[in-house]
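# Fold and geometry: a report
What follows is the residue order along each chain.
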Amino acid sequence: MKKIQLGIVLVLTALTMMLVSGSAWADKDHIKIALADVPVGVDFYATTSRVALYYSYMIYDPLVERDAKTGEPKPHLVTSWKVVDPNTWEFKLKSGVKFHNGNPFNAESVRFTIMDMILDPARKCPQAGGWKWAKDVEIVDDLTFRIITDKPYPLVVQRFNVLFPYDPKWVREMEAKHGRAYITRNAMGTGPFKCAKFVEGEKLELVRNENYWKKGVPEFEKMTMRFIPEMSTRIAALLSGTVDDAVYISTDMVPMLEKNKNLTVKEVPILRIFFWQFDNMGRASKTPKALTDVRVRRAIWHAIDRKAIVEHVLGGHATFIHTPINPMAFGADPSMPDPGYNLEKAKALMKEAGYEDGFTTSAWVVAAEYQKATEAAASYLEEINIKLDIKPYIGRYGEFAKIWKAGKADGIATMGWGSYNIFDADAIWSYFLMMPEAPFNYTQDKELSDLLHAARSTLDQAKRKELYRKCQKIIIDKAYWVPFYARHAIHGSIKNFQYELGADQVPRWQYGRWTD
């Protein structure tokens, strides 16, 4: 493995030396992006993959945008909102917005997207679980709608940052004429770019929406998103000038890119966290009984110097966290103490629990970065006689998710979770700890679940904050998870191509510009 990595570095270094300053990037009207994932299509509601967000913010418009720095929602297609009663929210829409085909954007577009594209059971939308709170959408007039919830739901506005309205007339006509598969390869939005061509497994070509309602956006005529899952190939494309921006740069490649005078490294702390989830309840038949003992789980927490892993293994390109939630998310309480690294305490807990001789457990990993951190943690765990049997599912998250959801992920799931751009504790803990909804529940703690349900069912933010503080304390006290760090989004790009990369992990390419 080390020889392979060295070979990659040598090749990339050679490419760097071959570059002629500024000559490789000439076409400023055509931005080329290297993505790390391979989307199956351009229908946002047919997937839950993060890459869908990248192209959807280009082709469509969300109802609300996020401030790139603070993460706060701000008006976009929606211009204002108010709470009519605890179960009713009213929203006003921007006038004069049109879909790429000239059809008007209106309240029916929103109703159709929520009720027909997402919640209609016949569509089997994989995002439907995140929208079950929506009971109905009522059209007040062309530019006003009300969303009715089955009970008070505090995340309505947050959710609207990832609601991209579809053109109901176009969808119905195209599906009637060509079948449902047509909209997986074609798209009709209101956004800054039009979908020109989707080539499966290769690229997505976009062209500027000349009639975009935000004047002067975008500045360039075309954008091509190339699907390049191999990180070294993305970097090679960047170094050779084939692309202007490359996403998901590994931490060990940063120093090399920083030495290139034509490039810049964009690095931003993001909402996504890396943590270990224990099979606390022994849900999977192969999980060692030891992991159902809170003393053993606490011992694991104490045995790993997580700060050292962030500093030395990741080179400081991550932010250490001691809370089972990103401090940027609503509900986090960073003031809560960290049990911390304490090897002697870890050994004492193992002895007290009767596992002084240790045991072996699985550790499932779905990303190369997580594997590096997990392998480093494994060396610490050897000090308390715990051996990790690492099960790599890198690039095979979908395959692992089926195992995970089926309750067969024994031992430890080493996971990253980005909360799909929702800056709230509900967007992470509900997927793992809420009963019966949580698809990845390996805990079964009724007290914790009840607190989460209560926090989801009130609009009182102060009350919600206190409920989440109690949740966080339980997760830490019972060592259900071991949090490691908040990830950093790292992109490599041409130095004079400027754009914002947000804490929500979303690149604002549509607002990008050339500085010379």
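Residues numbered from 1 in each chain as written. Predicted model: local features only at pLDDT ≥ 70, side-chain atom pairs only at ≥ 80, totals over all residues. Heavy atoms only, no water.

## Let's talk about the sheet that holds strand β5 (residues 88-93)
What counts, and what does not: Should DSSP find at least two bridges between two strands, the strands are regarded as paired. Put simply, DSSP marks the helices as runs of H or I at least four residues long and the strands as runs of E at least two long, and each gets a number from the N terminus on. Only the stretch in contact is used when a helix axis is fitted, and all axes are lines through C-alpha atoms; the angle between N-to-C directions ranges over 0 to 180 degrees.
With respect to topology, four strands assemble into an open sheet ordered β4-β5-β7-β6, the strand pairing being antiparallel. Only two strands of the sheet have a single neighbouring strand rather than two, namely β4 (78-85) and β6 (134-141). For this sheet the average axis-to-axis angle between neighbouring strands, irrespective of direction, equals 20°. Taken together, the six bridges between β6 and strand β7 (residues 144-149) define a ladder with antiparallel strand orientation. Residue pairing for β7: Asp-141 is matched across the bridge by Thr-144.

## A few points about the nonpolar core
Formally: Residues grouped as a nonpolar core are buried Ala, Val, Leu, Ile, Met, Phe, Trp, Tyr and Cys residues, joined through side-chain atoms within 4.5 Å. For every residue, the accessible area obtained with a 1.4 Å probe (protein chains only) is divided by the maximum for its type, and the residue is called buried under 20%, exposed over 50%, and partly exposed between those limits.
Core analysis: the largest hydrophobic core is formed by 97 residues, its most contacted members being Ile-114, Phe-160, Met-225 and Trp-509. By residue number, the principal contributor to this core is helix α2 (residues 51-59), which donates eight residues. Judged by nonpolar contacts, the second largest core, of 77 residues, contains Phe-275, Trp-276, Leu-433 and Trp-481.

## Concerning the side chain of Ser-419
The test is simple: By definition, residues are in contact when any of their heavy atoms lie within 4.5 Å.
Along the chain, Ser-419 turns up in the loop between β16 (412-417) and α14 (426-433). Apart from residues lying up to four places away in sequence, Ser-419 is in contact with Leu-271, Ala-427 and Ile-428.

## Here we look at the packing of helix α15 (residues 446-456) against helix α16 (residues 461-477)
Test applied: Between 65 and 115 degrees an angle is taken as roughly perpendicular, under 35 as roughly parallel, over 145 as roughly antiparallel, and anywhere else as oblique. Note on convention: near helix rotated counterclockwise from far helix by under a right angle means a left-handed crossing. Clockwise means right-handed. Polar here means any residue outside two lists: the nonpolar Ala, Val, Leu, Ile, Met, Phe, Trp, Tyr, Cys and Pro, and the charged Asp, Glu, Lys and Arg; Gly therefore counts as polar.
Taken N-terminus to C-terminus, the directions of α15 and α16 make an angle of 155°; their axes are 9 Å apart at the nearest point. Comparing their axes, α16 and α15 come out roughly antiparallel. The hand of the α15/α16 crossing is left-handed. Across the interface between the two elements, Glu-447, Leu-448, Leu-451, Leu-452, Ala-454 and Ala-455 from α15 touch Arg-464, Leu-467, Tyr-468, Lys-470, Cys-471, Ile-474 and Ile-475 from α16. Looking at side-chain class alone, the contact of α15 with α16 contains 10 nonpolar, no polar and three charged residues.

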